[in-house]
Amino acid sequence: FLPMLDCGFEVTACDVSPAMVEVARSKAGDRARLLVADMRELPDLGEFDLVWTVNDPINYLAGIDEVEATLRGMRRNLAPAGIVILDLASLASVRSFVAEEGVVEKGERRFAWRGRGSAEEVTPGASGEARFEAVGEAGTAHLHRFRHFPEEEMRAAIEASGLRCLGIFSEREGGLCPGADEETHTQAVYFCRG
């Protein structure tokens, strides 16, 4: 959300992890309202023109009931003409998350992940796991559980929450394309309104 602050937006942001909220606070200072909150039990925080999930948080939810609870909380916090944007990992992304291994360097730190499954196991709606750790840093390993949510399930959850789906786009190489191509694009991006 830092680029949004730099453009003059007022930002309220939350994460379930107190440690991640502190990381955000160290970068944003007092320019944003930051709090620890579980998106499945999102408190009433105000009326916002934009409610946006960033970096696949929906994919970390265990089931469609948790998605619906999350969307109802977002709906409660939406201004009358506001927009909800949801980004979800596509089927292709979940397959790669579960089946591949890799290392990413950020500054002087290296982060490794190792999928704990095979791409063939990941069908629409399937879950998978990967182990992440900061290389050479004891105690940093943790397990990520990730779930794919097919378009039909997401559309039903959006409707059940009182939102209306305005359109779905796919992300590829940083750009958005109309429609959701789960097999080749990395993200499905849903635009919704109350």
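(A) Quick look at the packing of aromatic side chains. Summed over the entire model, instances satisfying the criterion amount to five aromatic pairs. With a centroid separation of 4.9 Å and an interplanar angle of 75°, the aromatic rings of Tyr60 and Phe146 are classed as edge-to-face. You can see Tyr60 sitting in the loop between strand 3 (48-52) and helix 3 (64-76) and its partner Phe146 sitting in strand 8 (residues 142-147), a full 86 residues away along the chain. Judged by relative accessible area, which is 37%, Tyr60 ranks as partly exposed. The class for Phe146 is buried, based on a relative accessible area of 5%. Relative to Phe191, the ring of Phe169 lies with its centre 5.5 Å away and its plane at 85°, an arrangement referred to as edge-to-face. Placement of the pair is Phe169 in strand 9 (residues 164-172) and Phe191 in strand 11 (residues 187-193), with a sequence separation of 22 residues.

(B) Broad picture of the sheet that holds strand 10 (residues 175-178). As summarised here, the arrangement of the five strands in space is 3-4-11-9-10, forming an open sheet in which the pairing is mixed. Looking at strand neighbours, the two that pair on one side only are strand 3 and strand 10, the edges of this open sheet. Going from strand to strand, the sheet's axes swing by 25° on average, the running direction of each strand aside. Bridge analysis of strand 9 against strand 10 gives four bridges, and the strand direction is antiparallel. Counterpart to Phe169 in the pairing with strand 10 is Pro178. Across the sheet, helix 5 (residues 151-160) lies against strand 4 (78-89), strand 9 and strand 11, angled at about 145° from strand 9, the strand it touches most.

(C) Seen up close, the pattern of salt bridges. Overall, the coordinates contain 14 salt bridges when judged by the stated rule. With a closest N to O distance of 3.8 Å, Glu105 and Arg110 form a salt bridge. By relative accessible area, Glu105 is classed as exposed at 58%. Between Glu153 and Arg147 there is a salt bridge whose closest N-O contact spans 3.4 Å. Taking relative accessible area as the criterion, Arg147 reaches 13% and is therefore assigned buried. Taken together, the salt bridges that share partners define one network made up of Asp38, Arg40 and Glu66.

What counts as what
- Numbering of residues starts from 1 in each chain and follows the order in which that chain's sequence is written.
- Totals for whole chains, interfaces and linings use all residues, but because this is a predicted model, local features are given only for residues with pLDDT of at least 70 and pairs of side-chain atoms are given and counted only at 80 or more.
- Only hydrogens and water are set aside when side-chain values are computed; all heavy atoms of the structure are taken into account.
- Classification of ring pairs uses Phe, Tyr and Trp, with its six-membered ring standing for Trp, and accepts pairs whose centres are within 6.5 Å; under 30 degrees between planes counts as stacked, over 60 as edge-to-face, and the remaining range as tilted.
- Think of it this way: any DSSP run of H or I at least four residues long counts as a helix, any run of E at least two long counts as a strand, and we number them from the N terminus.
- For each residue, the accessible area found with a 1.4 Å probe, counting protein chains only, is set against the maximum for its type, and the residue is called buried under 20%, exposed over 50%, and partly exposed in between.
- One requirement defines pairing of two strands: DSSP has to find at least two bridges between them.
- Lines fitted to C-alpha atoms define the axes here, with helix axes fitted over just the stretch in contact, and angles between the N-to-C directions of these axes take values from 0 to 180 degrees.
- Residue contacts follow a heavy-atom distance rule, with two residues in contact if any of their heavy atoms lie within 4.5 Å.
- Between Lys or Arg on one side and Asp or Glu on the other, a salt bridge is scored when a side-chain nitrogen of the former is within 4 Å of a carboxyl oxygen of the latter.

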